[in-house]
Amino acid sequence: MSTKAELAATTEGKPGLCLLAGTLMLAVPATLALVAPPAATSSGSVALGLVVMIVLTVGAGSVVAATAQPERASVAGLAVLCAALALVLAPTEVWADGLSGTAALGFLMALRAHAAARRGPLDIQAWLVARRPMLVGAAVTTPAALAAALVPSAWSLPVAGLVGLVTAGICAALFAG
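Calculation rules
- Residues numbered from 1 in each chain as written.
- Predicted model: local features only at pLDDT ≥ 70, side-chain atom pairs only at ≥ 80, totals over all residues.
- Heavy atoms only, no water.
- pLDDT = per-residue confidence, 0-100.
- Contact = heavy atoms within 4.5 Å.
- Helix = DSSP H or I, 4+ residues; strand = E, 2+ residues; numbered from the N terminus.
- Expected span 1.5 Å × (residues − 1).
- Buried < 20%, exposed > 50% of the residue type's maximum accessible area, 1.4 Å probe, protein only.
- Polar contact = N/O pair within 3.5 Å; in protein donor to acceptor, adjacent residues only side chain to side chain.
- Patch = residues over 30% accessible without salt bridge, like charges linked within 9 Å, V, L, I, M, F, W, Y side chains within 5 Å.
- Areas by Shrake-Rupley, 256 points an atom, 1.4 Å probe, with all protein chains shown as cover.
- Salt bridge = Lys/Arg side-chain N within 4 Å of Asp/Glu carboxyl O.
- 1 Å grid on protein atoms, 1.4 Å probe; cavity = no way out; pocket = protein on both sides within 12 Å on 5 of 7 lines; lining within 4 Å.
- Points joined across faces, edges and corners; volume = space filled by probe spheres on them.
- Nonpolar A, V, L, I, M, F, W, Y, C, P; charged D, E, K, R; others polar.
- Domains from an automatic or database assignment.

1. Things to note about the confidence of the model for the chain
1) Next: Model confidence for the chain is summarised by a mean pLDDT of 81, while 87% of its residues fall at 70 or above.
2) Next: With pLDDT under 50 throughout, residues 5-10 is counted as low confidence; its partners more than four residues away or in other chains account for six contacts.

See the structure below:
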């Protein structure tokens, strides 16, 4: 027989990590848009800044809605799309794209864990092990792509390969077992 506290914990899920990752995903382009806004020399650049803020506001609403109803994948997709669109519209750096993309992956993973926790008790370690191939793939490719973008094009492939091998080794050591 379930106690009232166990039932409440089951139906509430784990929304905190969803909100944190979603906030970080949107905070990166928002911060860059506020720190380095387009030059306000024309009405077009002012309008572009306004569009970026509207996109980020829709994204923030989507993060909250997706956290409230994690089973609805379309709302989560809208939040990620808003973050990506804001990165395209705002002046960004390579590291910002990578950080926001990593936060987007974390947001989507947290939403899945949140939805699973709402359905019943969740063993987070077993849940993560079941998603190990996806996590390792993201952990290896994201730093390699960022490193390749930061070096001159003649060095991009060797640097990406080296960073990919190092991160693959780290992931193999972490997830061995």
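Next comes the rest of the account.
2. Some thoughts on helix H7 (residues 132-150)
1) Next: With 19 residues, H7 extends 28 Å from end C-alpha to end C-alpha; this agrees with the ideal 27 Å at 1.5 Å per step.
2) Next: Of the residues making up H7, those classed as buried are Leu-135, Ala-138, Val-140, Ala-144, Ala-147 and Ala-148.

3. Digging into the side chain of Ser-62
1) Next: Relative to the assigned elements, Ser-62 resides in helix H3 (residues 43-68).
2) Next: Within polar-contact distance, the side chain of Ser-62 engages the backbone oxygen of Val-58 at 2.9 Å.
3) Next: In this structure Ser-62 touches Val-75, Leu-78 and Ala-79, once residues within four positions along its chain are discounted.

4. Quick look at a nonpolar patch on the surface
1) Next: Taken together, Leu-50, Ile-54, Val-58, Leu-78 and Leu-81 make up a surface patch of nonpolar side chains, about 450 Å² in accessible area.
2) Next: Of all the secondary-structure elements, those providing two or more residues to the nonpolar patch are H3 and helix H4 (73-89).
3) Next: The leading source of residues in the nonpolar patch is H3, at three residues.
4) Next: Among the secondary structure elements, Val-58 is positioned in helix H3.
5) Next: Owing to a relative accessible area of 39%, Val-58 belongs among the partly exposed residues under this scheme.

5. Section: the layout of surface pockets
1) Next: Taken as a whole, the largest pocket spans an internal volume of roughly 280 Å³.
2) Next: Along its surface, the largest pocket is lined by 12 residues, and Thr-102, Leu-105, Leu-135, Ala-138 and Ala-139 are the ones closest to its centre.
3) Next: Contributing elements (two or more residues each) for the lining of the largest pocket: helix H5 (94-119), H7 and helix H8 (153-175).
4) Next: Residue contributions to the lining of the largest pocket peak at five residues, all from H7.
5) Next: Residues of the lining of the largest pocket, tallied by class, amount to eight nonpolar, four polar and no charged.
6) Next: Looking at which domains feed residues into the lining of the largest pocket, each of domain 1 (11-122) and domain 2 (131-177) supplies at least three.
7) Next: Contributing elements (two or more residues each) for the lining of the second largest pocket: helix H2 (15-35), H5 and helix H6 (124-130).
8) Next: Ranked by residues supplied to the lining of the second largest pocket, first place goes to H5 with five residues.
9) Next: A per-class count over the lining of the second largest pocket returns nine nonpolar, two polar and one charged.

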